[in-house]
Amino acid sequence: MNAQPEEKKKTILSAAQPSGILTIGNYLGAIRNWALLQERYDCYFCVADLHAITVRQVPADLRRRTYETLAIYIACGLDPEKNHLFVQSQVPEHAQLAWILDCYTQFGELSRMTQFKDKSQKHADNINAGLFTYPTLMAADILLYQADLVPVGQDQMQHIELTRDIATRFNNIYGPTFTVPEGFIPKTGARVMSLADPTKKMSKSDENPRAWVSILDPRDVVIKKFRSAVTDSGCEVRRGEDKPGINNLIAIYCAFTGKTPEDAEKEFEGKGYGDFKAAVGEAAADALDPIRTEYARLTADKGYLEALMKQGKEAAQRRAGRTLFKVMRKVGFAQTDGK
Ligand code: ATP
Ligand code: LTN
């Protein structure tokens, strides 16, 4: 009897920018789900340092955070033996494909991106070309690995739609070249809001440290930040259209405990915001404690992280190089080496 060929695993690619210490938004919206999917997919997770310089960075901080981000990935449960963990700038194919994709992306399409509009407003003194073409670099990240699935937070879905459009357009001109990827957002935690202004997304680069909780914040800080989270008028723990503060805290509580919003409302019936905020803080701190401990262990060994980077870079280049070669041939560039 012939053995059944083992079904080939589908591919995942995702990334986060080392533009600050990763927050519980990054964790609940993205990294936690990467860890849940790692067994079933062939996974590439990258530290998007090329993307980070679309906003001015202090070089020493950027370098340090690149190591920290890699260590956070592992501390959050990504097994470095089962996943390809790598740094974007160490795989030059990303920048090479991004240029080519720039030439298949319209000015109008990039102008409609809400992240570009938000960041242009926030950094009005530095609206650089990289900020504008950010989504084509992200499309290159994804398409180089022929990713089937891209697990991200809600805010990145527009970029994934654009990636799909670019891939489809390229395939229509040159024949099948890229896998057209699907976005994947979690049921809870896809859009964690700022604790200082719950109408805004929680963002690690927010200058107000009370706006975010970092994955590495010590227990007492986590609890204190939730205690001082901005809430709405009223005192009942109940969701409502005009209650962004409490909606956000209920969503965070459910994401950390696995409870439904209805259960949470029932649990805190007759109790006030104070009790509820304390419970959200405890739930978050319980989940973050083991991550912080593992992170401390990992960052004590820089050599280990460097060895992983090297291993990840080689695996990523093998895969990315094949796609780039194919693209360059299709576009019509003269090539002297075969792949
Ligand atoms: P920056 O503040 O530098 O723009 P960021 O905190 O928005 O960064 P990214 O590195 O751009 O984070 O995002 C990494 C991943 O985390 C992406 O998949 C993104 O969708 C997700 N993510 C970021 N912020 C949130 C959030 N508040 N809620 C849920 N998911 C989020
Ligand atoms: N743009 C993303 C980070 C990112 C990314 C990617 C996410 C860079 N490249 C590829 C998914 C796939 C962000 O979260 N701002």
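Above this note sits the structure.
Please read all numbers here as calculations on a predicted model, not as lab measurements.

What counts and how
Residues numbered from 1 in each chain as written. Chains lettered and ligands numbered in written order. Predicted model: local features only at pLDDT ≥ 70, side-chain atom pairs only at ≥ 80, totals over all residues. Heavy atoms only, no water. Core = buried A, V, L, I, M, F, W, Y, C linked by side-chain atoms within 4.5 Å. Buried < 20%, exposed > 50% of the residue type's maximum accessible area, 1.4 Å probe, protein only. Helix = DSSP H or I, 4+ residues; strand = E, 2+ residues; numbered from the N terminus. Lys, Arg positive; Asp, Glu negative; His and termini not counted. Salt bridge = Lys/Arg side-chain N within 4 Å of Asp/Glu carboxyl O. Polar contact = N/O pair within 3.5 Å; in protein donor to acceptor, adjacent residues only side chain to side chain. Contact = heavy atoms within 4.5 Å. Near = heavy atom within 4 Å. Areas by Shrake-Rupley, 256 points an atom, 1.4 Å probe, with all protein chains shown as cover. 1 Å grid on protein atoms, 1.4 Å probe; cavity = no way out; pocket = protein on both sides within 12 Å on 5 of 7 lines; lining within 4 Å. Sits in = over half its atoms within 2 Å of the grid points. Nonpolar A, V, L, I, M, F, W, Y, C, P; charged D, E, K, R; others polar.

Focus: the nonpolar core
- Tyr-73, Ile-215, Phe-226 and Phe-276 are the most contacted members of the largest nonpolar core, which has 64 residues in total.
- Tallying contributions element by element places helix H12 (residues 273–299) first for this core, with eleven residues.
- Counting residues in hydrophobic clusters, the runner-up holds 37 residues, among them Cys-46, Phe-116, Ala-140 and Leu-162.

Some details on the side chain of Arg-319
- By the element assignment, Arg-319 lies in helix H13 (residues 302–331).
- One buried charge, Arg-319, has no salt-bridge partner; the nearest side chain with opposite charge is Asp-42, at 4.8 Å.
- Within polar-contact distance, the side chain of Arg-319 engages the backbone oxygen of Tyr-145 at 3.1 Å.
- Beyond its immediate sequence surroundings of up to four residues, Arg-319 is in contact with Thr-11, Tyr-44, Leu-144, Tyr-145 and Gln-146.

Examining the site of ligand 2
- Taken together, 14 residues form the shell around ligand 2, and within it His-51, Tyr-134, Met-138, Asp-141 and Gln-156 come nearest.
- Within the side chain of Gln-17, one N or O atom sits 3.4 Å away from a nitrogen atom of ligand 2.
- Notes on ligand 2: free accessible area 360 Å², of which the protein chains cover 92%.
- Most atoms of ligand 2, that is more than half of them, are within 2 Å of grid points of the largest pocket.
- Within the residue set of the shell around ligand 2, elements represented by two or more residues are strand E1 (10–16) and helix H7 (129–144).
- Per-element tally for the shell around ligand 2: the top contributor is H7, with four residues.
- Grouping the constituent residues of the shell around ligand 2 by class yields eight nonpolar, five polar and one charged.

Thoughts on the site of ligand 1
- Looking at ligand 1, there are 22 residues lining it, with Lys-119, Asp-155, Lys-201, Ser-203 and Ser-205 nearest.
- In this structure, Gln-17 approaches ligand 1 through a main-chain N or O atom, which is 2.8 Å from an oxygen atom.
- Within the backbone of Val-192, a nitrogen or oxygen atom sits 2.8 Å from a nitrogen atom of ligand 1.
- Within the complex, 96% of the 610 Å² of free accessible area of ligand 1 lies under protein.
- Judged by the fraction of its atoms near the pocket grid, ligand 1 is located in the largest pocket.
- Listing elements by their share of the shell around ligand 1, those giving two or more residues are E1 and helix H1 (24–37).
- Looking at the shell around ligand 1, the element that brings in the most residues is H1, giving four residues.
- Grouping the amino acids of the shell around ligand 1 by side-chain chemistry returns seven nonpolar, ten polar and five charged.

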